[in-house]
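If you want the building blocks of each chain, they are given just below.
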Amino acid sequence: MDSEKKKKMNRRTFLKGAASTAIAGSAALTTGCKGKGLLGSSEAIALEFQEYFKKHYRLMTQTERDETIARLERIAKLKQDVDIDIDSTGPQENVLYGYAFNVTRCEGYMECVKACVKENNLDRASNTQYIRIFEMEHGQMSPDQGDGKYFHMVPKEGHFYMGVQCFQCNNPPCVKACPTKATWKEPDGLVVVDYDWCIGCRYCMAACPYWGRRFNWNQPQVPKEKITKKQHYLGNRRRVRGMMEKCTFCIQRSRKGKVTACVEACPTGARVFGNLLDPDSEIRFVLDNKKVYRLKEDLGTDPKFWYFID
Amino acid sequence: MNTSKFTKCLYYILPGLLIIFFAYTCFSSQEGVISRIKKATLKVDKTKQVDTAIPIPKNAVKANVQYQGGTFYTISRKSEMKRYKCSSCHNNKKVLIQNAADISHADIKVVHGDKDSPLACNTCHNQDNRDFLTTSKGSKIDFDHVYDMCGQCHFRQKKDWIGGAHGKRVTYWAGERVVENCTSCHDPHSPRFKKRWPATYSVPLN
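Residues numbered from 1 in each chain as written. Chains lettered and ligands numbered in written order. Predicted model: local features only at pLDDT ≥ 70, side-chain atom pairs only at ≥ 80, totals over all residues. Heavy atoms only, no water.

Asks: How would you explain the pattern of salt bridges if you had to name every residue and give the values?
Replies: Scanning the entire structure with this criterion turns up 34 salt bridges over all chains. Two residues, Lys195(B) and Glu157(A), come together in a salt bridge whose shortest N-O distance is 3.4 Å. In this pair, Lys195(B) sits in the segment after α7 (182-185) while Glu157(A) sits in the loop between β3 (132-137) and β4 (159-164), so the two residues belong to two different chains. Relative accessible area serves as the criterion here: at 40%, Lys195(B) is assigned to the partly exposed category. Accessibility expressed as a relative area gives 60% for Glu157(A), which makes it exposed. The residue Arg237(A) makes a salt bridge to Asp194(A) at a minimum N-O spacing of 4.0 Å. You can see Arg237(A) sitting in the loop between β8 (230-232) and β9 (244-246) and its partner Asp194(A) sitting in the loop between β6 (191-193) and α6 (203-207), a full 43 residues away along the chain. By the burial criterion, Arg237(A) is buried, and Asp194(A) matches it. Here the salt bridges do not stand alone but share partners, grouping Glu51(A), Lys54(A), Arg71(A), Asp194(A), Asp196(A) and Arg237(A) into one network. (Salt bridge = Lys/Arg side-chain N within 4 Å of Asp/Glu carboxyl O. Helix = DSSP H or I, 4+ residues; strand = E, 2+ residues; numbered from the N terminus. Buried < 20%, exposed > 50% of the residue type's maximum accessible area, 1.4 Å probe, protein only.)

Spelled out as structure tokens, the structure:
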């Protein structure tokens, strides 16, 4: 009995001591930092704490979305000292994004991959890339037979190049596989991820027949000066370790009327992007006048990404 | 007796339900992309596809051909040419010989046309009025509308360029259609893309 009491006392005193030293220590640390006082860091902690209690993106009202965006922008300012602009533009009426890739024109320069990494704030440490370009011999059809790791002068004789990325399927298997409904198809056809709702189970990665999804094994590293500041909540905003991400046809650009970063960067004009529901659009011209095919069409995923030849 | 009647009833009801369920799943499933595209035949107001206003670049000029959706713009060539107007040198005045090396066109190497019989300067450039290009029949073509000249031989590419399968849009997919000109991507004197190193590389996925 006596020993128990002693123990209890001991623990209490220990906890008291620990708490006081922790407070003193953190105070000393934070006040020791130049520029950022105790208030700054506690504000970030408070904001991050509030972030845990937000809803799924699709269930939020516009005011709730604006609130979380304001918090995320403030956190970025406090923690990384960057002024980002997160946007939550919704899908437009009568717009369905489609993409066509000219297999004849692509020369394998990989400017698209470089532009994509920059635009979408992809992890530089692990070299995450949404796009993969496969170098294939004439006569090959499927990218599994191609070489995705080439690094030599391009174009190489007797070869052609085929770019693969997320195809934004109309019947996406990744969406069906997700146990938390963290990924879904938007009305304009983009398959997006709510990063805060993703639990990192990677079922979607396994379900995707096109290798369109990427997993963050570590905290993505992007140098501060290279962060793209125009962001979208469902697109290129900051991701953390253990969540899935994917190509969203640069949702932050396409919903503002811009072409995706890969299309803008392509030096050969092999990439065509546009509205499938506009009968005058370029993508519709390609579908109407060119020989097009889709990858693994027999799977019934109904991708909105066509390959065509001149 | 009663129970056997009930089971008999079940034999009819269950397959019936199954058929109804199957039919429901068949017809209620979302329509495919292709059928949606085929249904979308109505003209879309190209300026109202997105909420943001889309500017037309300053160096864009109205093309003198029409695409399936009407008029469109292309990037001006003259604004990119460093020494336009050509007639400021190519006139009857004399040129000082010291400047000749700087201002001659000796750096231009024509790799265009047949290997054995490449194109001459005069095939494209108008001899009488240096500020213009020329067609094979001798009529003048403005530098901004260089696609008319390229299209004489590359008529298939021109058709694709007007439609949208060749070339590309400038920055925006929505709004007024502004496309790159032939000379935005191709060097007219050696139009084939050069062999070079890729911009980056990929690591193995797993």
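Asks: Talk me through the state of the cysteines; I want residue IDs and the actual numbers.
Replies: Residues and elements named next belong to chain B. Taken as a whole and judged by the stated rule, the model has zero disulfides over all chains. The structure places no disulfide on Cys-86, whose sulfur is separated from the nearest cysteine sulfur, that of Cys-89, by 8.6 Å. Residue Cys-86 is classed as buried on the basis of its relative accessible area, which comes to 18%. No disulfide involves Cys-153; its sulfur sits 8.0 Å from that of Cys-124, the nearest cysteine. (Disulfide = S-S within 2.5 Å.)

Asks: Could you give me a rundown of a nonpolar patch on the surface, with the residues and numbers involved?
Replies: A cluster of nonpolar side chains, namely Phe6(B), Leu10(B), Tyr11(B), Tyr12(B), Ile13(B), Leu14(B), Leu17(B) and Ile20(B), defines an oily patch on the protein surface of about 950 Å² accessible area. Here Ile20(B) shows up in helix α1 (residues 2-28). (Patch = residues over 30% accessible without salt bridge, like charges linked within 9 Å, V, L, I, M, F, W, Y side chains within 5 Å. Areas by Shrake-Rupley, 256 points an atom, 1.4 Å probe, with all protein chains shown as cover.)

Asks: Let's hear about the sheet that holds strand β1 (residues 60-67) of chain B: which residues, and what values?
Replies: All names here are of chain B. If you trace the three strands from one edge of the open sheet to the other, you get β1-β2-β5, paired in mixed fashion. Both edges of this open sheet fall to β1 and β5 (178-179), since each of them pairs with a single strand only. Where strand β2 (residues 70-75) and β5 come together, two bridges link them in parallel fashion. Bridge pairing in β5 places Thr-74 opposite Val-179. (Pairing = 2+ DSSP bridges.)

Asks: An account of the pairing of β1(B) is requested, with residue identities and associated values reported.
Replies: Residues and elements named next belong to chain B. Pairing between β1 and β2: five bridges, direction antiparallel. Paired with Ala-60 across the two strands is Ile-75, which belongs to β2. Turn length for the β1-β2 hairpin, with the two strands adjacent in sequence and antiparallel, is two residues.

Asks: Talk me through the environment of Tyr201(B); I want residue IDs and the actual numbers.
Replies: With respect to the element layout, Tyr201(B) can be found in the segment after α7. Those residues in contact with Tyr201(B) that lie beyond four places of it in its chain are Met110(A), Asn127(A), Gln129(A) and Phe151(A). For Tyr201(B), the side chain forms a polar contact with the side chain of Asn127(A), separated by 3.4 Å. (Contact = heavy atoms within 4.5 Å. Polar contact = N/O pair within 3.5 Å; in protein donor to acceptor, adjacent residues only side chain to side chain.)

Asks: Can you tell me about the nonpolar core, naming the residues and giving the values?
Replies: Grouped together as the largest cluster of nonpolar side chains are 58 residues, with contacts concentrated most on Ile133(A), Tyr233(A), Phe249(A), Phe273(A), Tyr307(A) and Trp173(B). Taken together, the elements giving at least two residues each to this core come down to α3 (62-80), β2 (97-102), α4 (111-119), β3, β4, α8 (261-265) and β12 (305-309) of chain A. Dropping the residues within four chain positions of it, Tyr307(A) is found in contact with Phe101(A), Val103(A), Met162(A), Gly163(A), Val164(A), Phe167(A), Lys291(A), Val292(A), Tyr293(A) and Leu295(A). Formed by 17 residues, the second largest nonpolar core is a distinct cluster that contains Tyr67(B), Val146(B), Tyr147(B) and Met149(B). (Core = buried A, V, L, I, M, F, W, Y, C linked by side-chain atoms within 4.5 Å.)

By themselves, these are just geometric observations and shouldn't be taken as functional.
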